[in-house]
Amino acid sequence: SVAGTLAETYLTSRGIHGNIPGCVRFGMTPRYWDNSGPGPRRPAMIAACQDVDGHVVGIQRTFLDARGRKTSDTPRMSLGQIRGGALRLGPVAPHIHLATATEDALALTRMFPGASVWATFGDAHLEHVALPTIVRHVTLCGDADDAGRAAVANAQTAMRNRVIVVDAIFPHAGKDFNEEWVRLHA
């Protein structure tokens, strides 16, 4: 749970209030492991990455400082298998919305109540996400910058080759959907 933690403070600062699914949590986790074992534990928002069958195969950690802000030194680090998987903020459904970042996906769940929203943990992973066969329509929710538009274009090609109906939306009031959510609902 994120309730009462630095992860809740962080998400609140990003305009994300209320219920947060259990696949996003707070934890104290090492940034690294070396020959002597794990490094010191640091506060982090932890998002679960599920494979095509729904098994958790990795996590993405967003490291936070003592005030609940992203750290300045490599704030996002992953463990396990991320490529091909997704953070599932909704069930497997015939139509899903697919974003690249946890915060954007959480904002999209507020913008499109009832939609099944997933996130791929980065632009580079968008075209590689493995989708259950029940998914026949994907709305790609990209960032409104060159990298985001390129990632969406690559994902559109990859998904159309898998005979999936695909469309795309981009934010109009910010670089990404979390920024748009904050600007329109602050």
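Residues numbered from 1 in each chain as written. Predicted model: local features only at pLDDT ≥ 70, side-chain atom pairs only at ≥ 80, totals over all residues. Heavy atoms only, no water.

Colleague: I'd like a rundown of the nonpolar core, residues and numbers included.
Modeller: Counting 27 residues, the largest nonpolar core has Leu 11, Ile 16, Ile 20, Val 24, Leu 87 and Leu 89 as the members making the most contacts within it. At the level of elements, α1 (6-13), β4 (41-50), α2 (102-111), β9 (116-119) and α4 (177-185) are the ones that each hand at least two residues to this core. Not counting residues within four places of it along the chain, the set of residues in contact with Val 24 comprises Val 2, Met 45, Ile 46, Leu 87, Leu 89 and Thr 102. Judged by nonpolar contacts, the second largest core, of 17 residues, contains Ala 86, Val 135, Ala 151 and Val 166. (Core = buried A, V, L, I, M, F, W, Y, C linked by side-chain atoms within 4.5 Å. Buried < 20%, exposed > 50% of the residue type's maximum accessible area, 1.4 Å probe, protein only. Helix = DSSP H or I, 4+ residues; strand = E, 2+ residues; numbered from the N terminus. Contact = heavy atoms within 4.5 Å.)

Colleague: Account for the pattern of salt bridges, naming residues and giving values.
Modeller: Where charged atoms from two side chains of opposite charge approach closely, those side chains can pair. Summed over all chains, the structure comprises 6 salt bridges. The partner of Lys 175 in a salt bridge is Asp 143, with the nearest N and O atoms 3.1 Å apart. Remark: Asp 143 occurs in the loop between β10 (137-141) and α3 (146-160) and Lys 175 occurs in the loop between β11 (165-169) and α4; sequence separation between them is 32 residues. The exposure class of Asp 143 is buried, given its relative accessible area of 8%. One salt bridge in this structure joins Arg 183 and Glu 179, with 2.9 Å as the shortest N-O distance. Residue Arg 183 and its partner Glu 179 are located together in helix α4, separated by 4 residues, close to a single helical turn. When salt bridges that share partners are traced, they join Asp 143, Asp 145 and Lys 175 into one network. (Salt bridge = Lys/Arg side-chain N within 4 Å of Asp/Glu carboxyl O.)

Colleague: Please set out the environment of His 17 residue by residue, giving values where relevant.
Modeller: Position of His 17 among the secondary structure elements: in the loop between α1 and β1 (24-30). The spacing of His 17 and Ala 107 is 90 residues in sequence and 9.5 Å in space, taken between C-alpha atoms.

Colleague: Just give me the short version of α1, but keep the residues and values in it.
Modeller: In an α-helix, one turn spans 3.6 residues, which is why side chains three or four residues apart end up on the same side. If you check which residues of α1 are buried, you get Ala 7, Tyr 10 and Leu 11. End-on view of α1: buried residues confined to an arc of 95°, all on one side of the axis. Two or three places before Ala 7, at the opening of α1, Thr 5 has a side-chain oxygen 3.2 Å from that residue's backbone nitrogen. One or two positions beyond α1, positive phi appears at Gly 15, with a value near 80°. (Arc of directions from axis to C-beta. Polar contact = N/O pair within 3.5 Å; in protein donor to acceptor, adjacent residues only side chain to side chain.)

Colleague: Explain the pairing of β4 to me, using residue names and the numbers behind them.
Modeller: Among the 10 residues in β4, 8 count as buried, and that is most of the element. In terms of strand pairing, β1 meets β4 through 7 bridges, oriented antiparallel. Considered in β4, the bridge of Gly 27 is made with Ala 44. The pairing of β4 with strand β5 (residues 56-63) spans 7 bridges and is antiparallel. Looking across to β5, one finds that Met 45 is bridged to Thr 62. Hairpin connection between β4 and β5: a loop of 5 residues separates the two successive antiparallel strands, and Gly 54 in this loop has a positive phi of roughly 90°. (Pairing = 2+ DSSP bridges.)

Colleague: Tell me what's going on with α4, and back it up with residues and numbers.
Modeller: All of the buried residues along α4 are Phe 177, Asn 178, Glu 180 and Trp 181. Angularly, the buried residues of α4 cover 160° about the axis, an arc narrow enough to put them on a single face. Elements in contact with the buried residues of α4: α2, β10 and β11. N-cap assignment for α4: the residue whose side-chain oxygen lies 3.1 Å from the backbone N of Asn 178 is Asp 176.

Colleague: An account of the state of the cysteines is requested, with residue identities and associated values reported.
Modeller: Within the structure shown, the criterion is met by 0 disulfides. Summary of cysteine pairing: Cys 23 is not part of a disulfide, and the nearest cysteine sulfur, belonging to Cys 49, is at 11 Å. Take Cys 141: it sits in no disulfide, and the sulfur closest to it among the cysteines is that of Cys 23, at 16 Å. Exposure remark for Cys 141: the relative accessible area of 2% places this residue in the buried category. (Disulfide = S-S within 2.5 Å.)

Colleague: Describe the sheet that holds strand β8 (residues 95-99), naming the residues involved and giving the relevant values.
Modeller: A sheet is described by the order of its strands in space; here 5 strands give the open sequence β7-β9-β8-β10-β11, paired in mixed fashion. Unpaired on one side and paired on the other, β7 (87-88) and β11 mark the two borders of the sheet. Pairing between β7 and β9: 2 bridges, direction antiparallel. Residue pairing in the sheet places Arg 88 in a bridge with Trp 118 of β9. In this fold α2 packs onto β7, β8, β9 and β10, with an angle of close to 170° to the strand it touches most, β9. Each of β8, β10 and β11 touches α3; the most contacted strand, β11, lies at about 170° to it. (Axes fitted to C-alpha atoms, helices over the stretch in contact; angles between N-to-C directions.)

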